[in-house]
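Structural characterization, general
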Amino acid sequence: MMYKAFSRKLFGVNHERLRRTLPVCLLVFCGLRFGEFRVLITPSILHLMVSTFTGGVMWQALSSKDNAGLLQNMLMLPLDGRKFVLSYTAALGLYAVLTKTAMLLAVVLAVSAGGVAALSGSIICAVHAVLLTACFYGWRKYWYVYVLWIAVMTAAVLYLGESMCVFALLAGSSMSALMLLLRMDGYAFYGMEKAGSRTRKSRRHALVWRYLFRYLTAHKNYLINTMVLWGGGCVLPFFFREMESRWAVPVGFAVLSLNTPMGILLSCDPGLLQAVRSLPDGRRRFCVPYCLFFSLCNLMTNSIFLISYQLQTGGAVWLMMEAAVFFALQSAVCSVLLEWYHPILDWRIESDLWHHPRKYVVPAVMLLLAGAVGTVPALLPALLLLPAAGMALLLF
């Protein structure tokens, strides 16, 4: 009964969500499988991909505030703690695997040469990720233990490949996580300790960062756009194989700087723009954290591109890593400066912002800088002064 209460909220009363999602996964698999496009994916990369994706979706589901009310009502009842934890974990785990990971597997298995063995290994990795993430979330005050646990399992998956030892380790790790879940209380998923546990000073310093995180989580399409860029970072090296690395890497960074939603945060909220401008020293207090947050998002995308480039082509050097940091900082500084000095005001609906020609200004500038770096790589240390000069405009 407890499982039904959670599953009906996640899948619908008659599992309508599964009836829509699973046929779509089947159609995607068949459509891609009958095509000629194939990608070689090693078992270790496939298992790591499935584990990371499923763990991320599971963590997001556990952190969802939509479940807080249902959890609070359920915890008020005299329920068996173990059954409650297992029912909640099973419901969220099936939601993560059947609605999210299933689509990933439909795409990956369709374009790769993996068969039943790859599917079986992926399912084992997905179940392990669900149990380990739930255990991590419930016992998160011992985060350092779980970070080490995840690091050991990641290293095992990468270095042991498709050996049977990997699945034995995954099975043992899953059983250990399950045993820890049985000792957990249902209130560990409610997370009441989050509220009011920080000092006033830490709240004040993290106010802008918290706003930016909440803004992105409240607008799911912004997150989807960011994840599409991450996917682009994985795919772009495949198209840049014929180019020299000194040209391919900077051009890839320039293309990935087209993060439209992150560059219109002030334009899409005129009330926020007016409030920030009216505050004393509002430019420094808001734009500097905004720029750093934007840089972090860009750096994550550039890092994914660089890792994918190294795996597909090889030859990544320290100069490319410096270029990743430079393009992440420079594109963020340019976007924030445009938002502060030239915000988009003449729009009627949000779609006008997404398709405004101004969004191509920063990628165009980055392409010019990519040409300069590709022509004369020695210019990169000198070009690092550009983001510093932009930050100075925001600070003073």
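This section reports on the structure supplied with the text. (Residues numbered from 1 in each chain as written. Predicted model: local features only at pLDDT ≥ 70, side-chain atom pairs only at ≥ 80, totals over all residues. Heavy atoms only, no water.)

Considering the overall build of the protein
Short version of the rule: Secondary structure counts use DSSP, requiring at least four H or I residues in a row for a helix and at least two E residues in a row for a strand, with both numbered from the N terminus. Whether a residue is buried, partly exposed or exposed follows from its accessible area with a 1.4 Å probe, protein chains only, as a fraction of its type maximum: under 20%, in between, or over 50%, in that order. Methods summary: accessible areas were calculated by the Shrake-Rupley approach with a probe of 1.4 Å, and residue burial reflects only the protein chains presented.
Of the regular secondary structure elements, the protein holds 20 helices and 0 strands. Here the protein, with 396 residues, has 42% of them falling under the buried criterion. When the accessible surface of the protein is split by element, carbon and sulfur atoms take 69% of a total near 21500 Å².

Description of the packing of aromatic side chains
Note the threshold: Here a Phe, Tyr or Trp ring, Trp counted by its six-membered ring, pairs with any other such ring whose centre lies within 6.5 Å, and the pair is stacked when the planes are under 30 degrees apart, edge-to-face when over 60, and tilted otherwise. By the criterion adopted, a ring carries a charge over it if an Arg CZ or a Lys NZ lies within 6 Å of its centre and within 35 degrees of its normal.
All chains considered together, the criterion is met by 12 aromatic pairs. Each ring, one from W59 and one from Y137, has its centre 5.1 Å from the other, and the planes form 80°; the classification is edge-to-face. Of this pair, W59 sits in helix α3 (residues 43-62) while Y137 sits in helix α6 (residues 116-138), placing them 78 residues apart in sequence. Note on Y137: relative accessible area 2%, which makes it buried. Lying across the ring of W340, R277 places its NZ or CZ 4.4 Å from the centre.

Focus on the side chain of R358
Let me state the cut-off plainly: Pairs of N or O atoms are called polar contacts if they sit within 3.5 Å, as long as, within protein, a hydrogen donor faces a hydrogen acceptor (for residues adjacent in sequence, only side-chain-to-side-chain pairs).
Position of R358 relative to the elements: it lies in the loop between α17 (350-354) and α18 (361-375). Separated by 2.7 Å, the side chains of R358 and E339 make a polar contact.

Quick word on α18
An α-helix turns once every 3.6 residues. As a result, residues three or four positions apart point the same way. Applied cut-off: For a helix, the expected span equals 1.5 Å multiplied by the number of residues minus one. The criterion used for residue contact is that any of the two residues' heavy atoms lie within 4.5 Å.
Between its first and last C-alpha atoms α18 spans 21 Å; for 15 residues at 1.5 Å apiece the expected length is 21 Å, and the two agree. Buried-residue contacts for α18 involve α13 (245-255), α16 (318-341), α19 (380-383) and α20 (385-395).

Overview of the packing of α3 against helix α7 (residues 143-160)
In plain terms, the rule: The angle between two axes is taken between their N-to-C directions and runs from 0 to 180 degrees, where each axis is a line fitted to C-alpha atoms and a helix contributes only its stretch in contact. The scheme is simple: roughly parallel for angles under 35 degrees, roughly antiparallel for over 145, roughly perpendicular for 65 to 115, oblique for anything else. If you view the pair so one helix is near and one far, a crossing is left-handed when the near helix is turned anticlockwise from the far one by less than a right angle, and right-handed when it is turned clockwise. As a working rule, the residues Ala, Val, Leu, Ile, Met, Phe, Trp, Tyr, Cys and Pro are called nonpolar, Asp, Glu, Lys and Arg charged, and the rest polar, with Gly in that last group.
Between α3 and α7, the least distance of the axes is 7 Å, while the angle of their chain directions is 155°. Relative to α7, the element α3 is oriented roughly antiparallel. Judged by the sense of rotation from one axis to the other, the crossing of α3 with α7 is right-handed. Along the contact surface, α3 presents S44, I45, H47 and L48, while α7 presents T154, V157 and L158. Taken together, the residues of the contact of α3 with α7 break down into 4 nonpolar, 3 polar and no charged.

So, the nonpolar core
Formally: Only buried Ala, Val, Leu, Ile, Met, Phe, Trp, Tyr and Cys residues count toward a nonpolar core, and they belong to the same one when joined by side-chain atoms within 4.5 Å.
Counting residues in each nonpolar core, the largest one holds 42 residues, and the members touching the most others are L62, L92, L181 and F189. Looking at this core, the elements with two or more residues in it are α1 (2-11), α3, α5 (81-111), α6, α7, α8 (164-182) and α9 (187-190). V288, V333, L337 and M391 belong to the second largest nonpolar core, which has 31 residues in total.

Digging into the side chain of N259
Examined against the element boundaries, N259 turns out to sit in the loop between α13 and α14 (270-278). With relative accessibility at 5%, the residue N259 sits in the buried group. There is a polar contact of 3.4 Å between the side chain of N259 and the side chain of N225. Residues in contact with N259, not counting those within four places in the same chain, are N225, T226, L229, F294 and N298.

A look at the pattern of salt bridges
Spelled out, the test is: We define a salt bridge as a side-chain nitrogen of Lys or Arg found within 4 Å of a carboxyl oxygen belonging to Asp or Glu.
Under the definition given, this model contains 1 salt bridge. For E339, the salt bridge identified is with R358, shortest N-O distance 2.7 Å. Of this pair, E339 sits in helix α16 while R358 sits in the loop between α17 and α18, and the two are 19 residues apart along the sequence. Judged by relative accessible area, E339 falls into the buried class, the value being 0%. We classify R358 as buried; its relative accessible area is 13%.

Some details on the environment of L273
Here L273 lies in helix α14. Here L273 is in contact with L266, P343 and L345, once residues within four sequence places are set aside.

Some words on helix α2 (residues 16-33)
Formally: Taking the helix axis as origin, the arc is that swept by the directions to the C-beta atoms.
Taking 1.5 Å of rise per residue, the 18 residues of α2 would be expected to cover 26 Å, and the 26 Å separating its terminal C-alpha atoms lies within 8% of that figure. Within α2, burial applies to L18, T21 and C25. The buried residues of α2 occupy an angular sector of 75° when projected down its axis, which confines them to one face. Turned more than 90 degrees from where α2 packs its buried face, R19, R20, L26 and L27 sit exposed.

Overview of the environment of S174
Among the structural elements, S174 can be located in helix α8. Residue S174 is classed as buried on the basis of its relative accessible area of 10%. Separated by 49 residues in sequence, S174 and C125 place their C-alpha atoms 9.4 Å apart. Each residue touching S174, except ones within four places of it in the same chain, is listed here: H128 and L131.

Some remarks on the packing of helix α11 (residues 207-218) against helix α15 (residues 282-312)
At a closest axis distance of 9 Å, the pairing of α11 and α15 adopts a crossing angle of 55°. As summarised for this structure, α11 and α15 are arranged oblique, according to the angle between their axes. As α11 packs across α15, the resulting crossing turns out to be right-handed. From α11, V208, W209, Y211, L212, F213 and L216 reach across to α15, where they touch R285, F286, P289, Y290, L292, F293 and L296. Here the contact of α11 with α15 is built from residues that sort into 12 nonpolar, no polar and 1 charged.

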